[in-house]
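# Coordinate analysis (summary)
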Amino acid sequence: MNRRVVITGLGLVTPMGLGTETTWSGLVAGRSGIGAISRFDTTGYDSRIAGECREFQAETWIPKKEIKKMDLFMQYGIAAAQMAWESSGYTCNEENASRVGVMIGSGIGGLMAIQNQAMQLQSRGPSRISPFFIPMSLINLISGHVAIRFGLKGPNHAVVTACATGTHAIGDAARLIRHGEADAMLAGGAEATICELAVGGFAAAKALSVRNDAPEKASRPWDRERDGFVIAEGAGIIFLEEMESAKKRGATIYAEVIGYGMSGDAHHITAPDPNGDGAIRCMRAALKDANLDSELIDYINAHGTSTPQGDAVETEAIKTLFGIEKAKKLMVSSTKSMTGHLLGAAGGVEAIFTALSLYHQIIPPTINLDYPDPLCDLDYVPNTARDCHMEFALSNSFGFGGTNASLLLKRAP
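Residues numbered from 1 in each chain as written. Predicted model: local features only at pLDDT ≥ 70, side-chain atom pairs only at ≥ 80, totals over all residues. Heavy atoms only, no water.

### Considering the overall build of the protein chain
- Within the protein chain, the regular secondary structure consists of 14 helices and 15 strands.
- Here the C-alpha radius of gyration of the protein chain, 20 Å, is about what a compact globule of 413 residues would show, namely 22 Å.
- Across its three principal directions, the C-alpha atoms of the protein chain cover 65 × 55 × 40 Å.
- For the protein chain, with 413 residues in total, the buried portion stands at 62%.
- In the protein chain, the share of contacts with a sequence separation of at least 24, taken over all contacts with a separation of at least 6, comes to 78%.
- On the protein chain, the mean spot of the 37 positive side-chain charges and the mean spot of the 44 negative ones are 3 Å from each other. (Helix = DSSP H or I, 4+ residues; strand = E, 2+ residues; numbered from the N terminus. Rg over C-alpha atoms; globule rule 2.2 N^0.38 Å. Buried < 20%, exposed > 50% of the residue type's maximum accessible area, 1.4 Å probe, protein only. Contact = heavy atoms within 4.5 Å. Lys, Arg positive; Asp, Glu negative; His and termini not counted. Charge placed at Lys NZ, Arg CZ, Asp CG, Glu CD.)

Shown next, in the form of structure tokens:
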């Protein structure tokens with residue numbers, strides 16, 4: 001069985017705002033969602049900037065008595081799933097519930113809950129640990145909560161592959177539908193790690209930008225003055241379903257998922273293979289899965305985190321796979337220049353951005369690309385969105401541990 005899989009529902013919680021309209025309009029306008037951290041006192045921290053979801057109000061999405069049982073990353077995931085579910089217009093009942101599933105993951109999960117409960121233990125003793133601590137910190141509980149909310153009794157799973165999580169979740173969910181193990185899936189990623197422990201930890205690893213005096217300029221993929229990524233939070237969840245089902249019920253189809261590739265670097269726990277071998281094989285696998293010639297790719301929503309090594313390696317991987325002549329014609333942009341890096345949620349969010357690019361025939365820009373790095377010499381759609389006819393687009397996500405994922409999307413039929 002090899003059924004076609006399409007995207008019919010979208011849900012976004014990002015530093016740009018809530019929902020697809022707000023976020024997409026901000027991206028097209030080239031607006032940055034990065035600012036000074038407001039959640040805790042950053043005195044003494046090397047990096048004091050982040051992409052916070054300042055507009056999010058949990059009470060809008062979750063009953064008040066339930067909020068205390070969930071870490072913030074779950075709240076984001078549930079809200080985005082609600083948006084995706086409602087926008088899909090899909091109806092679940094006793095007859096089809098076992099054919100509809102959930103696959104939502106997180107790169108780090110309930111780190112905020114772990115940090116806060118550890119502080120409680122240290123200051124007030126074990127009797128003050130919340131009885132909800134364990135379920136509020138488990139990554140798979142997003143999928144659990146969402147399944148309970150909508151009565152979805154199909155495959156229930158969570159992916160944990162660092163910054164490739166959201167992309168892997170969507171790719172794996174699409175394969176379940178393609179091979180007949182489910183008819184529809186909510187899939188993507190969620191993350192909320194803007195807390196003392198995470199910011200301090202990533203800064204200690206020298207991974208974060210320290211451009212604290214100009215937060216909106218800090219995330220600058222492929223720019224020679226880039227100095228690390230900007231930590232961000234949020235969720236990106238999509239509703240996937242079998243194409244004939246979507247057509248039959250007259251659903252809006254944003255894009256078709258035609259290819260999915262995975263690979264491992266087997267090189268280093270945090271640094272990419274300097275030759276880009278893992279990224280090359282990952283993108284090639286997505287093309288092979290789709291049975292599509294690389295010449296037909298129009299756009300790549302790149303991983304593009306704004307790290308000195310990562311951006312150069314991804315650029316080299318694209319040139320190696322596509323060849324210099326084709327690579328120079330490709331349009332490549334990094335929406336992380338505006339959202340920051342949402343870690344495990346990035347792949348879900350950026351799959352939505354890629355689908356919307358195909359749907360609207362607009363490529364969001366890479367902002368802050370003021371001083372191009374000579375090693376990064378492709379068309380990164382600098383600073384201004386571009387209207388362009390597109391049929392096929394790739395979305396890349398690469399994570400710590402050398403885990404890689406690529407999704408290949410086709411313009412809606």
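### Quick look at unusual backbone geometry
- Non-glycine residue Trp 222 carries a positive phi angle of around 70°.
- With respect to the element layout, Trp 222 can be found in the loop between helix H8 (196-204) and strand E8 (234-242).
- Among the residues examined, Trp 222 registers a relative accessible area of 1% and is labelled buried.
- Of note in the backbone geometry, Asn 291 takes a positive phi value of approximately 55° without being a glycine.
- Summarising the element assignment, Asn 291 is placed in the loop between helix H10 (277-290) and strand E10 (299-301).

### Points about the nonpolar core
- The biggest cluster of nonpolar side chains holds 52 residues, and the ones touching the most others in it are Phe 56, Val 146, Leu 186 and Ile 231.
- Of all elements in the fold, only helix H3 (72-88), strand E5 (100-105), helix H4 (111-124), helix H6 (141-150), strand E7 (184-191), H8 and E8 reach the threshold of two or more residues within this core.
- Among the elements that take part in this core, H3 stands out by supplying eleven residues, more than any other.
- Setting aside residues no more than four positions away along its own chain, Val 146 makes contact with Ile 78, Ala 81, Val 102, Ile 104 and Leu 186.
- Membership of the second largest hydrophobic core comes to 46 residues, among which are Leu 342, Phe 353, Val 381 and Leu 409. (Core = buried A, V, L, I, M, F, W, Y, C linked by side-chain atoms within 4.5 Å.)

### A word on the environment of Leu 208
- Secondary-structure assignment places Leu 208 in the loop between H8 and E8.
- Taking relative accessible area as the criterion, Leu 208 reaches 6% and is therefore assigned buried.
- Taking the C-alpha atoms as reference points, Leu 208 and Asp 227, separated by 19 residues in sequence, lie 7.2 Å from one another.
- Filtering out sequence-adjacent residues up to four positions away, Leu 208 remains in contact with Ser 47, Val 199, Phe 202, Ala 203, Asp 227, Gly 228, Phe 229 and Ile 231.

### Re the pairing of strand E14 (residues 392-399)
- Among the eight residues in E14, eight count as buried, and that is most of the element.
- Burial along E14 is two-sided: Phe 392, Leu 394, Asn 396 and Phe 398 facing one way and Ala 393, Ser 395, Ser 397 and Gly 399 facing the other are all buried.
- Relative to E14, E10 is paired through three bridges, and the arrangement is parallel. When the sheet's bridge partners are listed, Tyr 299 is paired in E14 with Ala 393.
- Inspection of the sheet shows E14 paired to strand E15 (residues 403-411) by eight bridges, in the antiparallel sense. By the bridge assignment for E15, Phe 392 is matched with Lys 410. (Pairing = 2+ DSSP bridges.)

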